[in-house]
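Below are the chains, spelled out letter by letter.
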Amino acid sequence: MADKPTASQPSLTDVARLFDPARLTQARQVCKMSKTELHQAVGVSAAAIGQYERGEMKPRAETIALLADALRVPPGFFAHGRPKAQVDIAEASFRRLRSTSLAQQQQATAYVEQAWELSCYLEESVEFPALDLPDWALAESDDSPDPITAARAMRVYWNLGQEPIEHLVYQLEQHGILTVFFTMKQDGEPDDKGRIDAFSTTALPRPMIVLTPDKANDVMRHRFSAAHELGHIVLHHGRQGTDSQMERQADMFAAEFLTPKKVIGEQLPRRLNFDKLEELSQWWGVSVHSLVYRSKELELISESTARRAYMTLSSLPRRPLPIRDFPGERPELLNNAIELLDTVDVTLTQIAADLQMTPKHVRRLADIDDPQPKLSLVGSTDDRRSIQTVDPTAALGTSESESQEEGADMAHRSAISGRYISNAAAARHPKTSVTESGGNKSSGVHNRSAISGKYISNAAAARHPNTSVTERGK
């Protein structure tokens, strides 16, 4: 490789002189590559790799080029001079699953470090929402309430009332919690069942929640995981208690935060009724499984009834609801900041060059869809169109804009986001949409679920006044 510097790329000689050992460790861990695998790919000894990472010896310029090629980073990535953070595995709220290896945990924390570096770069030019947590929930606090009290206090502090929380991830980001997707799956690689579950950390100046669509691409589980990690952030910044205790506390927080006992306790059926539970699942944006557990937790059903319910649920076919089909439930903060910089001619390519990362990796960190077209044997037809794009900065609770698809006679509303979606999306997920005719929307008084957008009967609205809104047709 020629040793010629460019405007954004230092020479290999300069990189060798400014070599940062921690950068090599980080890049290797992000690729989930062992020292042995790296030395085999580069052609130097395993002992040399260890010496490089411990700072006992610096690699030569030609070795820098080989390391960069093996780890899929520009050579300049290994040089000093950019802000970075180091997050230890103990500083992240990993769930201690047997299927989660040390290498996977190291990969995830290294990924967090790079996501944080990207956010620091963007915040130099783009104003992010300020961190908005009560004093007892801040990292420097040495005390916090019990999980139930904390969940109720967070609802009050964020002015969420007692209604279902629409667009949960959007809410987290707008209150200053950095939220990112962690997905390192490469095209053509086999599925890895041991992937990291969602986790969080308060080791950085801004708390970060890392969500994992590869682990379970279902919006119901995804929302609970996000609330669970919020529980860790506000409860466990001091890391008190055993891991199992903290996991249980985070679950208790998430259940109360998403489904307040005062309201859900009056709505849950006293006898097992899956139709009713499915309806409540769509209203509140939580799984039926979670509602069964909530019913048992609130002593509305017995332990044996709950076990029978779980067995029934495991035997019923159910198509997961993909996270990307629900605006407001996938991270947008980094993506939107990059789009904003693009309007002033700071391109993603320039951002990647400044950070000495590849554009592909920056897109992964910011959850930006790859612009490269993919070949398909399936023709592009109207019934395969994706969900209509909505304004990610729109305030919650504002009126939804109807689909303007040419020739559409009916509009479908997502049962979780409350926004109108395409006919194709409604056909894929009939249980999460409602078809509305013009007559249904234009006359009389209509009662609508606050989270699902479904029109419900007057009797149902009377039973659930806190989760419905009355609209008068024009």
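Within any chain, residue numbers begin from 1 and follow the written order of that chain's sequence. Local features in this predicted model are restricted to residues whose pLDDT is 70 or higher, and side-chain atom pairs enter the listing and the counts only when it is 80 or higher, whereas totals over whole chains, interfaces and linings include all residues. Each side-chain value is derived from all of the structure's non-hydrogen atoms; neither hydrogens nor water enter the calculation.

### Focus: the overall build of the protein
Secondary structure assignment for the protein yields 20 helices and nine strands. Taking all 474 residues of the protein together, the buried fraction comes to 52%. We get accessible surface area from the Shrake-Rupley algorithm with a probe of 1.4 Å; when it comes to residues, only the shown protein chains can shield them. When the accessible surface of the protein is summed, it comes to about 22800 Å², and 50% of that surface belongs to carbon and sulfur atoms. Elements are defined by DSSP. Helices are runs of H or I of four residues or more, strands are runs of E of two residues or more, and each kind is numbered from the N terminus. Note on exposure labels: buried denotes an accessible area under 20% of the residue type's maximum, exposed denotes more than 50%, and partly exposed covers the range between, all computed with a 1.4 Å probe on protein chains only.

### Observations concerning the packing of helix α3 (residues 35-42) against helix α5 (residues 61-71)
Here the axes come from fitting lines to C-alpha atoms, over the contacting stretch only for helices, and the angles between their N-to-C directions go from 0 to 180 degrees. Relative orientation of the contacting elements α3 and α5 amounts to 120°, with a least axis distance of 9 Å. Our classification of the angle between α3 and α5 gives oblique. Of the two possible hands of crossing, α3 and α5 adopt the one that is right-handed. Here Leu-38, Ala-41 and Val-42 of α3 come into contact with α5, specifically with Thr-63, Leu-66, Leu-67, Ala-70 and Leu-71. Looking at the contact of α3 with α5, its residues break down into seven nonpolar, one polar and no charged. When describing relative orientation, an angle under 35 degrees is termed roughly parallel and one over 145 degrees roughly antiparallel, while 65 to 115 degrees is termed roughly perpendicular and anything else oblique. In this scheme the crossing of two helices becomes right-handed for a clockwise turn of the near helix relative to the far one and left-handed for an anticlockwise turn of less than a right angle. In this description, contact between two residues means that some pair of their heavy atoms is separated by no more than 4.5 Å. Lys, Arg, Asp and Glu make up the charged group, whereas Ala, Val, Leu, Ile, Met, Phe, Trp, Tyr, Cys and Pro make up the nonpolar group; the residues left over, Gly among them, are polar.

### Structural notes on the pattern of salt bridges
Each salt bridge in this description consists of a side-chain nitrogen of Lys or Arg and a carboxyl oxygen of Asp or Glu lying within 4 Å of one another. Enumeration according to the criterion identifies 18 salt bridges in this entry. One salt bridge connects Asp-369 with Arg-330, and the closest N-O pair in it is separated by 3.5 Å. Here Arg-330 lies in the loop between α14 (303-315) and α15 (333-342) and Asp-369 lies in the loop between α17 (359-366) and β4 (411-414), a separation of 39 residues in the sequence. Among the residues examined, Arg-330 registers a relative accessible area of 15% and is labelled buried. Salt bridges sharing partners connect three or more residues here, namely Arg-152, Arg-248, Glu-256, Arg-294 and Glu-297.

### Looking at the nonpolar core
We define the nonpolar core as a collection of buried residues of types Ala, Val, Leu, Ile, Met, Phe, Trp, Tyr and Cys that are connected through side-chain atoms lying within 4.5 Å of one another. One finds Leu-133, Trp-158, Val-234, Phe-253 and Phe-257 to be the most contacted residues of the largest nonpolar core, which totals 45 residues. Considering each element in turn, this core owes the most residues, six residues, to helix α9 (residues 219-235). Beyond its immediate sequence surroundings of up to four residues, Phe-257 is in contact with Ala-151, Met-154, Arg-155, Trp-158, Leu-160, Ile-165, Leu-168, Ala-227 and Leu-230. Core analysis: the next-biggest nonpolar cluster, separate from the first, contains 36 residues, Val-126, Leu-204, Leu-341 and Leu-365 among them.

### Quick look at the packing of aromatic side chains
In this analysis, rings of Phe, Tyr and Trp, with Trp reduced to its six-membered ring, are considered paired at centre separations within 6.5 Å, and the interplanar angle assigns stacked below 30 degrees, edge-to-face beyond 60, and tilted for intermediate values. Under the criterion given, the structure shown has five aromatic pairs. Judged by centre distance (5.5 Å) and plane angle (15°), the rings of Phe-253 and Phe-257 are stacked. Highlighted residues: Phe-253 and Phe-257, both in helix α10 (residues 243-258), separated by four residues, approximately one helical turn. Accessibility assignment for this pair places Phe-253 and Phe-257 in one class, buried. The rings of Phe-19, Phe-77 and Phe-78 are connected pair by pair, giving a single aromatic cluster. Should the NZ of a Lys or the CZ of an Arg lie within 6 Å of a ring centre and within 35 degrees of the ring normal, that charge is described as sitting over the ring. It is Arg-23 that lies over the ring of Phe-77; its NZ or CZ is 5.0 Å from the centre.

### As for the packing of helix α6 (residues 102-123) against α17
Where α6 meets α17, the closest approach of the two axes is 10 Å, and the angle between their N-to-C directions is 95°. With respect to each other, α6 and α17 are oriented roughly perpendicular. Of the residues in α17, those touching α6 at Tyr-111, Gln-114, Ala-115 and Leu-118 are His-361, Val-362, Arg-364, Leu-365 and Ala-366. Its residues assigned to classes, the contact of α6 with α17 comprises six nonpolar, two polar and one charged.

### Overview of helix α7 (residues 147-157)
For α7, the complete set of buried residues consists of Pro-147, Ala-150, Ala-151, Met-154 and Arg-155. Buried residues along α7 cover an arc of 135° about the axis, so they all sit on one side. Structurally, α7 contributes buried residues whose contacts are with α9, α10 and α12 (274-284). In protein, a polar contact means a hydrogen-donor-capable atom and an acceptor-capable atom, both N or O and within 3.5 Å, with residues adjacent in sequence counting only if both atoms are side-chain atoms; elsewhere, any N or O pair within 3.5 Å suffices. Between the side-chain oxygen at the start of α7 and the backbone nitrogen of Ile-148 there is a gap of 3.1 Å, and the oxygen is on Asp-146. At the C-terminal side of α7, Asn-159 shows a positive phi close to 55°. Within this analysis, the arc is defined by the directions that extend from the helix axis to the C-beta atoms.

### Observations concerning the environment of His-236
Inspection of the secondary structure puts His-236 in the loop between α9 and α10. The exposure class assigned to His-236 is buried, which follows from its relative accessible area of 3%. In this structure the C-alpha to C-alpha distance between His-236 and Asp-143, which are 93 residues apart in sequence, comes to 9.2 Å. Not counting the four nearest positions on each side in its chain, His-236 is found in contact with Gly-231, Met-246, Gln-249 and Ala-250. For His-236, the side chain forms a polar contact with the side chain of Gln-249, separated by 2.7 Å.

### Some remarks on unusual backbone geometry
Backbone geometry places His-167, a non-glycine residue, at a positive phi of 55°. Counting through the fold element by element, His-167 comes out in the loop between α7 and α8 (168-174).

### Considerations on the confidence of the model for the protein
pLDDT: the predictor's confidence for each residue, scored from 0 to 100. This prediction gives the protein a mean pLDDT of 79; 72% of its residues lie at or above 70. Confidence drops under a pLDDT of 50 for residues 379-415, and excluding neighbours within four residues, the segment shows 88 contacts in the predicted structure. pLDDT under 50 marks residues 463-474. Its contacts with residues more than four places away, or in other chains, come to 37 contacts.

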